[in-house]
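# Residue-level structural notes
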Amino acid sequence: MALESTIAGSWYPGEASEIRALADGWERAICNAGAASARHPNVLVLPHAGWAYSGETAWSAVRAVRGAKFRRVVVLAPSHRAWIENRLVAPEADAVSTPLGKIEIDRDWLDRLLLLAPVAKNDGVHRGEHAAQIEYPLLQLALGGEFKIVPLVMGGFGADQMGMCVRALSRLMDTETLLVVSSDFTHYGNDFSYAPFGTEGGEGVREKVAALDAEALALISKRDADGFAAFIRRTGATICGHVPIEMALRAFPAGSSVSLVRYATSGDKDRDFRRFVCYAAAAGRMEWAGETNAVLDADARMFLLRVARASMEVAVRGGGLRPPRRELSDAPKSTLAKMGAFVTLNDRVTGALRGCIGEILPMRPLVEAVAERAVDAALRDPRFSPVQERELSSLRVEVSALTPPKPVASWREIALGRDGMTLEKNGRFAVFLPQVAPEQGWDLPTTLSYLSQKAGLASDAWRDGATFETFQAEVFHE
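Predicted model, so just to flag it, every value in this text is computed and none were measured.

## Some details on the nonpolar core
The biggest cluster of nonpolar side chains holds 96 residues, and the ones touching the most others in it are Leu113, Leu179 and Phe185. In terms of residue count, the dominant contributor to this core is helix α8 (residues 203-221) (seven residues). The next biggest cluster of nonpolar side chains, apart from the first, holds 31 residues, and it includes Trp411, Leu416, Val431 and Val475.

## Some thoughts on the sheet that holds strand β6 (residues 101-104)
Strand order in the open sheet formed by three strands is β1-β5-β6, with mixed pairing between adjacent strands. A strand with exactly one partner marks an edge of an open sheet, and here the two such strands are β1 (2-4) and β6. Ignoring strand direction, the axes of neighbouring strands in this sheet form an average angle of 30 degrees. As paired elements, β1 and strand β5 (residues 95-98) share three bridges and run parallel to each other. Across the sheet, the residue bridging to Glu4 is Ser97, located in β5.

## A look at α8
It helps to recall that an α-helix has 3.6 residues per turn; residues three or four apart then point in one direction. A rise of 1.5 Å per residue sets the reference length of α8, with its 19 residues, at 27 Å; its end C-alpha atoms lie 26 Å apart and thus fit the reference within 8%. Among the residues of α8, those classed as buried are Val205, Arg206, Val209, Ala210, Leu212, Asp213, Ala216, Leu217, Leu219 and Ile220. Of the surrounding elements, those touching the buried residues of α8 are β10 (187-188), α9 (225-235), α10 (242-251), β11 (258-265) and β12 (276-284). Note on α8: the residue one or two positions beyond its end, Arg223, has a positive phi of about 65 degrees.

## Points about the packing of aromatic side chains
Per the counting criterion, the structure on display carries 11 aromatic pairs. Plain terms: the ring middles of Phe273 and Phe276 are 5.2 Å apart, the flat faces sit at 80 degrees to each other, and that makes the pair edge-to-face. Across the pair, Phe276 and Phe273 agree in class, each one buried. Where Phe432 meets Trp442, the ring centres are 6.1 Å apart and the plane angle is 40 degrees; that geometry is what we call tilted. Linking Phe432 in strand β18 (residues 428-432) with Trp442 in the loop between α13 (436-440) and α14 (444-454), this pair joins segments that are 10 residues apart in sequence. One exposure class covers both Phe432 and Trp442, and it is buried. Counting every residue linked through ring pairs, the aromatic cluster contains Tyr188, Tyr194, Phe197, Phe273 and Phe276.

## Considerations on the environment of Leu44
Of note, Leu44 is situated in strand β2 (residues 43-46). Placed 415 residues apart in sequence, Leu44 and Ser459 show a C-alpha to C-alpha distance of 44 Å. Not counting residues within four places of it along the chain, the set of residues in contact with Leu44 comprises Ala61, Val62, Val65, Leu178, Leu179, Val180, Val181, Ala282 and Ala283.

## Focus: the side chain of His126
Relative to the helices and strands, His126 resides in helix α4 (residues 123-127). Excluding anything up to four places from it in sequence, His126 contacts Leu3, Val89, Ala90, Pro91, Gln133, Tyr136, Pro151, Leu152 and Val153.

## Structural notes on the pattern of salt bridges
This structure, assessed with the given rule, holds 30 salt bridges. With a closest N to O distance of 3.2 Å, Glu389 and Arg317 form a salt bridge. Taken together, the residues Glu389 in the loop between α12 (366-379) and β15 (395-402) and Arg317 in the loop between α11 (298-316) and β13 (340-347) connect sequence positions 72 residues apart. Using a relative accessible area of 47% as the deciding quantity, one classes Glu389 as partly exposed. Taking the relative accessible area as the measure of exposure, Arg317 reaches 49% and is therefore partly exposed. Bridged by salt links that share partners, the residues Arg309, Glu313, Arg317, Arg348, Glu389 and Glu478 form one connected network.

## Description of the state of the cysteines
Across all of its chains, the model carries zero disulfides by this definition. Free of any disulfide, Cys165 has its nearest cysteine sulfur in Cys240, 19 Å distant. No disulfide involves Cys240; its nearest neighbouring cysteine sulfur is the one of Cys278, lying 11 Å away.

About the cut-offs
- Per-chain numbering applies: the sequence of each chain, read as written, is numbered from 1 onward.
- Local features in a predicted model are, by the rule used here, given only for residues with pLDDT of at least 70; side-chain atom pairs are given and counted only at 80 or more, and totals for whole chains, interfaces and linings are based on all residues.
- Calculation of side-chain values draws on the structure's entire complement of heavy atoms; hydrogens and water are dropped beforehand.
- Definition used in this section: a nonpolar core is a set of buried Ala, Val, Leu, Ile, Met, Phe, Trp, Tyr and Cys residues joined via side-chain atoms within 4.5 Å.
- Burial classes: relative accessible area under 20% of the type maximum marks a residue as buried, over 50% as exposed, and values in between as partly exposed (1.4 Å probe, protein chains only).
- Helix numbers and strand numbers start at the N terminus; a helix is a DSSP run of H or I with at least 4 residues, a strand a run of E with at least 2.
- Only strands joined by at least two bridges in the DSSP assignment are considered to pair.
- Lines fitted to C-alpha atoms define the axes here, with helix axes fitted over just the stretch in contact, and angles between the N-to-C directions of these axes take values from 0 to 180 degrees.
- Expected helix span is computed as 1.5 Å times (number of residues minus one).
- Throughout, a residue-residue contact means that at least one pair of heavy atoms, one from each residue, lies within 4.5 Å.
- Note on aromatic contacts: the rings of Phe and Tyr and the six-membered ring of Trp form a pair at centre separations within 6.5 Å, being stacked when their planes are under 30 degrees apart, edge-to-face when over 60 apart, and tilted otherwise.
- Note on definitions: salt bridges are taken to be side-chain nitrogens of Lys or Arg within 4 Å of carboxyl oxygens of Asp or Glu.
- Working definition: a disulfide is two cysteine sulfur atoms within 2.5 Å of each other.

Okay, structure coming up:
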């Protein structure tokens, strides 16, 4: 099922031929195009107004990725109509559609994001949001039809939830991914409740607003996320995509920068600056680290998932409570290393937990830990009745391969979205995997309150006298 564009024919042309003709006109109008770079940018900041106002400005940056071989595009866009808090919102649909054709959602990438950051799925949000949709045909014009997309709409964030999203982007972005940040800049006039330079209009107002935007763009160029966030608080600047911009800035690797390509306003044609919106297009090249800490490649992960499912199914069908002894000569070498592991079972449709059992310490080869804990998750989780044979096809297997736990001096050192955690106090103990807080959208105090309750303690017991350890995990599922 594809999510059809709700703004084709209004915000941009409704026919493919008209879209291409308009882009050809922009190309002819851009006089300072210059020679194409040998290395395409992999980050773009683009406006999202109707093309009559901002299309040429957006194309001045998008044209720089023509011919690039990106496998996917991740779009970060602000929400204008839906109230969203502490969540990224992705589509439920399998694709999005414009008059230029369909773009498939990259479900594999999105599934990995779901394990690391708070994400909801809602087609209604995406149908009502122009800030993501307006970028799709521009990307199709530049990249053709050989890419997938992950559009993410967002509202406000607490510090912990923002941190989870930032760490997820930092980990998942790679050389095959283009990041698009959708934002208009200053919205000026009484209609926008923002007119610090008066409402008389005139060139002087434009110059002052442009200087204000230039300050924001300089902070973006320097990758100064704290400075940019402080600028928004200090000035009240009406940059509608300031949250996606801040998130991207915090995810950018050290040494990165973004350069302005073009700046314009909606008042530039009629020179009426009593009410106007500003547009900036920018581009940069990031050297993303990617999942460099992973020790399990795709083959090893698939092998472990097959072992987990086979062990579970044999046990559920009455073949014994212990996993069968299997020939491991074909096991990838990385799966024979001693590691802790958890196996989690979820309902494929609802995502509801159906079982989760594991071991934290690296006591035996990872493949053996996965095989046995898959049986335990299905039949021995005391919170649930044993899995029945009729349920097997409706369950999704998830494996978490753990690094050894290490003590931390304080709970304040725990980073949600990166760290799993253990809590111990008065002989009581509990553990949360790294994906628990992202799945629930909790901040750190909320997470620790639930962890305390899981240990059989009062919800505020974590605040005094508890000790903590953290660990990281490679998490993957069917």
